[in-house]
Each structure stands twice: as C-alpha cells, then as structure tokens.
Amino acid sequence: CLAAVQEDVRARTPSSTAMMAYTNVWAAAFAAIGALVSGQLTAGSAFCARHALAATLVLAFALCSAGGQLAVYALIKTHGSLACTIVTTTRKFVTLVLSAATFGHVLSS
C-alpha cells in the first residue's frame, strides 16, 4: 500500500513548495493531536493569547523555518543532494566551532 502511494507521488512529481506544504500539514496535524491529548494545546494557546510577544516570536520562528526549508529544497533541486549534505554538515561544523570559541565550550574531554 505504501509503495503504491510513493509511486503515485513520484509519478506526479510535486513542486518543492507542494512537498513542503504536504509535510508541514501532516506535521502540524500530528503535533496538534499530541498537544490536544497532552492538554498542552489549550495551555499554549492561552499563553500566546496573554503574551503577544510570544505569539509573534512563534510566528517569526515558523516563517524562518519555512524560509530554511525553501532554501534546502532549492539547493537540492539546483545542485543535488550531495551538495545539500555538504552545505548542512559544514554549517553545523562552523556553528559548533563558533559556539566553542564564543562560549568556551570544551569539544573533547
């Protein structure tokens, strides 16, 4: 059954933005169910309603995440998955080194 769905998606070759939308809709649905079951949906919504800055920061985070996803999809489409892997690994390495240099973190014991 899953193989048939994957073949159907592959045959239609959705755009990067469509793939991002599908992924995010499913992620939001699962997160909303988890938040609802755990009781955090009401508490989180009430907190954001009371604190406008928190709601603004959540929205800013979501927009930055969407921009990052679009950049990754564009990188893969333009240069391939190997280039994307190299770029993301290099970014993580540079972040680690800068964090160690800035905050004095120890890289090994």
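As shown above, the structure is provided for reference.
Residues numbered from 1 in each chain as written. Predicted model: local features only at pLDDT ≥ 70, side-chain atom pairs only at ≥ 80, totals over all residues. Heavy atoms only, no water.

## A closer look at the overall build of the chain
Here comes step 1: When helices and strands are counted, the chain shows 5 helices and 0 strands.
Here comes step 2: Starting at the N terminus and walking to the C terminus, you meet the elements of the chain as α-α-α-α-α.
Here comes step 3: Relative to its 109 residues, the chain shows a buried fraction of 6%.
Here comes step 4: Per element, the accessible surface of the chain, about 8,700 Å² overall, is 73% carbon and sulfur. (Helix = DSSP H or I, 4+ residues; strand = E, 2+ residues; numbered from the N terminus. Buried < 20%, exposed > 50% of the residue type's maximum accessible area, 1.4 Å probe, protein only. Areas by Shrake-Rupley, 256 points an atom, 1.4 Å probe, with all protein chains shown as cover.)

## Digging into a nonpolar patch on the surface
Here comes step 1: The grouping of Phe 93, Val 94, Leu 96, Val 97, Leu 98 and Leu 107 at the surface amounts to a nonpolar patch, some 580 Å² of accessible area in total.
Here comes step 2: When you line up the elements, Val 97 lands in helix α5 (residues 81-103). (Patch = residues over 30% accessible without salt bridge, like charges linked within 9 Å, V, L, I, M, F, W, Y side chains within 5 Å. Salt bridge = Lys/Arg side-chain N within 4 Å of Asp/Glu carboxyl O.)

## Observations concerning the environment of Ser 108
Here comes step 1: Position of Ser 108 among the secondary structure elements: in the segment after α5.
Here comes step 2: Overall, Ser 108 belongs to the exposed group, its relative accessible area being 58%.
Here comes step 3: With 42 residues separating them in the primary sequence, Ser 108 and Ala 66 have C-alpha atoms 34 Å apart.

Just geometry here; none of it tells us what the structure is for.
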